Amino acid sequence: MTGTSQMKVSDEVAITIDGMNKWYGSFHVLRDINLTVYQGERIVICGPSGSGKSTLIRCINALEEHQQGSITVDGTLLSSDLKNIDKIRSEVGMCFQHFNLFPHLTILENCTLAPIWVRKTPKKEAEERAMHFLEKVKIPDQANKFPGQLSGGQQQRVAIARSLCMMPRIMLFDEPTSALDPEMIKEVLDTMIELAEEGMTMLCVTHEMGFARQVANRVIFMDAGQIVEQNEPEAFFNNPQSERTQLFLSQILGH
Amino acid sequence: MSDKTSDSIAFVAKGTIPPSPPPASQAGVVKWLRDNLFSSVPNGILTLVALTVIYLVLQKTLPWLYNGVWTTTSLNACREVLDGKVGACFSVLTERWHQLLYGFKYPAEFYWRPNLALVLLLVAVAPVLFFDLPRKMLIFTGLYPFIAFWLIWGGTIMAPIIALLGFVVGGAVFQIYGRGSFAAGFFGGIAAALIIWALGGMLIPEGASENAMLQAVPSRDLGGFMLNLMLGVTCVSLSLPLGIALALGRQSDMPLIKWMCVIFIEFVRGVPLITLLFVASVMLAYFFPPDATVDLFLRVVIMITMFSAAYIAEVIRGGLAALPKGQYEAADSLGLDYPQAMRLIILPQALKISIPGIVNVAVGLFKDTTLVSVISMFDLVGMIRGPILASTEWNGVYWELLGFAALLFFVVCYGISQYSQWLERRLATDHR
């Protein structure tokens, strides 16, 4: 298939999740999750709604806390220690389904805020870097507008640029195209593909199976809080092993 | 083929139709009258009734205002001048002008001091209200409370300087130690400030206030509208930060802080302000050591501040609740810590949502400062009810005096309201 999915991935480990369990009250949302992500790897996580896929990637940067097992990101063990949490969060970028841009700040301020306050980057340098990434997502001309003046696709690209300004080593995407009009999905996916080709480590919760085929090294299928199946995209789509995966794929690819 | 579109499905415009003015009956005064005043028979009748009422009111009040007497020295002299005509006796305002503004005990030769403080107040609040002004002006805003205190109360200049020094040292300690741990910085800062104040208090020589540059004026000599303004400005500016802290505390994950804030808010909100003021004037003395004399003005400020802070906290809690959870998550995911996330992301948005509610509380608080007249402080209403109406010259001039008080309060409150509307427009960036 395409060149990207065959790219050699390094042996350097980016994320290790070991025997992780999570409960909401007495509801067991994540069950015995074991996952190792290598540097430069691009993983697509799919599954029916309520299967815990968003919760899983939100545990990686401690937006949700897990109750059992361990998560190690870039050699830092995720514990309740706030210093570790802040360290991991500044190395892991995240894009949300609803963009979550800061509506009271301009696009440029959205992008420079965290570098200036968290990384203590000088303002000028932060602005230069922000413009660099805004050019990369192809909206440098919107830098002085407010998020409310942009279309959904543009907002999501700003959100990606905002995360990149922190120079993350890992990017998490939580259904980045689910809230977009069909016309705008492509511009966001193109940005993500470009990012993938540059070797960014990516974990992406999405229903865009075309994207998964083209970009992912590995596809993970989750159901009822469990990792049911994981494989290379070729094998995953053409020859799914578990019955649950087969059913899911026939539902979403069937029309 | 015809030009009409209905004849055929296929249609191409032949060119641009030039714009033309609307028909005469659809523009101008006639259209406005018809649309707004006489759009139907019931509306026409209502318009006529309203005009009649307005006419009747003006017929009575205009002569009253127009015939007003400004120069007599008593109500009887006023009546003689009017000689049976309808007319107001505004001379009470001119004759008791200083009493209405400054109270009856503030030394007349020192009126320039509160006047100067008021002018400086405008300079000090300008950079806070209009954030396009240079940020350096905030330095003066920080110094203003101490300058104003010295101007109005007078006495030795050492007192405000030591107070300022305490704040500066406390702030510096917080800056240095607060980086490591917030609690260490916070309590260290408070301790440092207290030490400075205690040491400084011993340094002030006995009797320094007597031969000071500005002669000391005790708190009980303050009065009139000046007292209302002082209470209003002090309490609003103190209760806003306290209210923010209470609102954030109520959302805290730490149960002790959360419950302290909840109990404070619910208790203070559940008690009438008058009760708190009576506590301030009578009962608070029981809680202090026998030889401690805490100034009545300070006690009242504490009570009004607590009262309005509880209300402001609830208003801001509403603003915080209106923010989508995604804003907190986005701030977290970028690695901002709690103070940064609050200061840069959450509070700017929550406060913007809360502006109408906060202004509502501020306006209410400013008007509630007249309640201090019931604990025998002579604010504007206290002056009117007490010394002025009780005097033999002016016994019975209700409309003029209370109308004047209402006008003063209206001007200030309307100004606050207009400012808040301007602020809301200025901050509207969401383009919904």
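Calculation notes
Residues numbered from 1 in each chain as written. Chains lettered and ligands numbered in written order. Predicted model: local features only at pLDDT ≥ 70, side-chain atom pairs only at ≥ 80, totals over all residues. Heavy atoms only, no water. Contact = heavy atoms within 4.5 Å. Buried area = accessible area lost by both parts, 1.4 Å probe. Salt bridge = Lys/Arg side-chain N within 4 Å of Asp/Glu carboxyl O. Polar contact = N/O pair within 3.5 Å; in protein donor to acceptor, adjacent residues only side chain to side chain. Helix = DSSP H or I, 4+ residues; strand = E, 2+ residues; numbered from the N terminus. Nonpolar A, V, L, I, M, F, W, Y, C, P; charged D, E, K, R; others polar. Buried < 20%, exposed > 50% of the residue type's maximum accessible area, 1.4 Å probe, protein only. Pairing = 2+ DSSP bridges. Axes fitted to C-alpha atoms, helices over the stretch in contact; angles between N-to-C directions. Expected span 1.5 Å × (residues − 1). Bend = angle between axes of the 7 residues up to and from the residue. Phe/Tyr/Trp six-rings, centres within 6.5 Å; stacked < 30°, edge-to-face > 60°. Domains from an automatic or database assignment.

### Points about the interface of chain B and chain A
Phase 1 of the analysis: Each side of the interface is counted separately: chain B has 21 residues, and chain A has 23 residues.
Phase 2 of the analysis: Approximately 2,000 Å² of surface area, both sides summed, lies buried where chain B meets chain A, with 62% of it carried by carbon and sulfur atoms.
Phase 3 of the analysis: Taken as a group, Ser 333, Leu 334 and Thr 429 of chain B account for 29% of the area that chain B buries against chain A, more than any other trio of residues on that side.
Phase 4 of the analysis: Between Arg 89 of chain A and Asp 332 of chain B there is a salt bridge whose closest N-O contact spans 4.0 Å.
Phase 5 of the analysis: There are six residue pairs in polar contact (both at pLDDT 80 or more) connecting chain B and chain A.
Phase 6 of the analysis: Looking at the side of chain B that touches chain A element by element, the count peaks at eight residues for helix H14 (residues 325-333) of chain B.
Phase 7 of the analysis: Here the side of chain B that touches chain A is built from residues that sort into seven nonpolar, eight polar and six charged.

### Concerning the pattern of salt bridges
Residue and element names in this part refer to chain A.
Phase 1 of the analysis: For the structure shown, the criterion picks out 27 salt bridges over all chains.
Phase 2 of the analysis: Two residues, Glu 128 and Lys 124, come together in a salt bridge whose shortest N-O distance is 3.6 Å. On the criterion of helical spacing, the pair formed by Glu 128 and Lys 124 is a turn pair, its members being four residues apart in helix H4 (residues 123-136).
Phase 3 of the analysis: Residue Glu 128 is classed as partly exposed on the basis of its relative accessible area, which comes to 49%.
Phase 4 of the analysis: Taking relative accessible area as the criterion, Lys 124 reaches 63% and is therefore assigned exposed.

### Notes on the sheet that holds strand E5 (residues 76-77) of chain A
All names here are of chain A.
Phase 1 of the analysis: Strand order in the open sheet formed by four strands is E2-E1-E4-E5, and the pairing between neighbours is antiparallel. Only two strands of the sheet have a single neighbouring strand rather than two, namely strand E2 (27-38) and E5.
Phase 2 of the analysis: With five bridges connecting them, strand E1 (residues 13-24) and strand E4 (residues 68-73) associate as antiparallel partners. Its bridge partner being in E4, Ile 15 is matched across the sheet by Val 73.
Phase 3 of the analysis: On top of the sheet, helix H1 (residues 53-60) reaches E1, E2 and E4; it is set at about 120° to E1, its chief contact.

### Some details on helix H10 (residues 224-250) of chain B
Phase 1 of the analysis: Along its 27 residues, H10 of chain B runs 38 Å from first to last C-alpha, staying within 8% of the 39 Å computed at 1.5 Å per residue.
Phase 2 of the analysis: Approximately 25° is the largest bend angle found in H10 of chain B, and it occurs at Ser 239 of chain B, with the proline Pro 241 of chain B only one to four residues beyond.

### As for the packing of aromatic side chains
Residues and elements named next belong to chain B.
Phase 1 of the analysis: With the rule as written, the count across this model stands at 22 aromatic pairs over all chains.
Phase 2 of the analysis: Look at Phe 149 and Trp 153: their rings are 5.2 Å apart centre to centre, the planes differ by 25°, and that puts the pair in the stacked class. Of this pair, Phe 149 and Trp 153 both sit in helix H7 (residues 138-153), separated by four residues, roughly a single helical turn.
Phase 3 of the analysis: Given a relative accessible area of 35%, Phe 149 falls into the partly exposed group.

### Overview of the sheet that holds strand E9 (residues 218-223) of chain A
Residues and elements named next belong to chain A.
Phase 1 of the analysis: Spatially, six strands are ordered E6-E7-E8-E3-E9-E10 in an open sheet, and the strand pairing comes out mixed. The sheet terminates laterally at strand E6 (92-95) and strand E10 (226-231), the two strands that pair on one side only. Pairs of neighbouring strands in the sheet enclose a mean axial angle of 20°, with direction left out of account.
Phase 2 of the analysis: Examined bridge by bridge, strand E7 (residues 170-174) and strand E8 (residues 201-205) share five bridges and lie parallel to one another. Across the sheet, residue Phe 173 finds its bridge partner in E8, namely Cys 204.
Phase 3 of the analysis: The strands that helix H2 (residues 82-91) touches are E6 and E7; relative to E6, the one it contacts most, it runs at about 65°.

### Observations concerning the domain arrangement of chain B
Residues and elements named next belong to chain B.
Phase 1 of the analysis: What the domain assignment reports for chain B is domain 1 (40-93) and domain 2 (223-432).
Phase 2 of the analysis: Its C-alpha centre places domain 1 at a distance of 37 Å from the equivalent point of domain 2.
Phase 3 of the analysis: Tallying the contact residues gives eleven residues for domain 1 and ten residues for domain 2.
Phase 4 of the analysis: Carbon and sulfur atoms make up 79% of the area that domain 1 and domain 2 hide from each other, which totals about 820 Å².
Phase 5 of the analysis: Contact with domain 2 buries surface across domain 1, with Leu 75, Val 92 and Leu 93 losing the most and accounting together for 59% of the total.
Phase 6 of the analysis: Put simply, domain 1 and domain 2 have zero salt bridges between them.
Phase 7 of the analysis: Looking at the side of domain 1 that touches domain 2 element by element, the count peaks at three residues for helix H4 (residues 91-95).
Phase 8 of the analysis: Of the residues assigned to the side of domain 1 that touches domain 2, the class counts are seven nonpolar, four polar and no charged.

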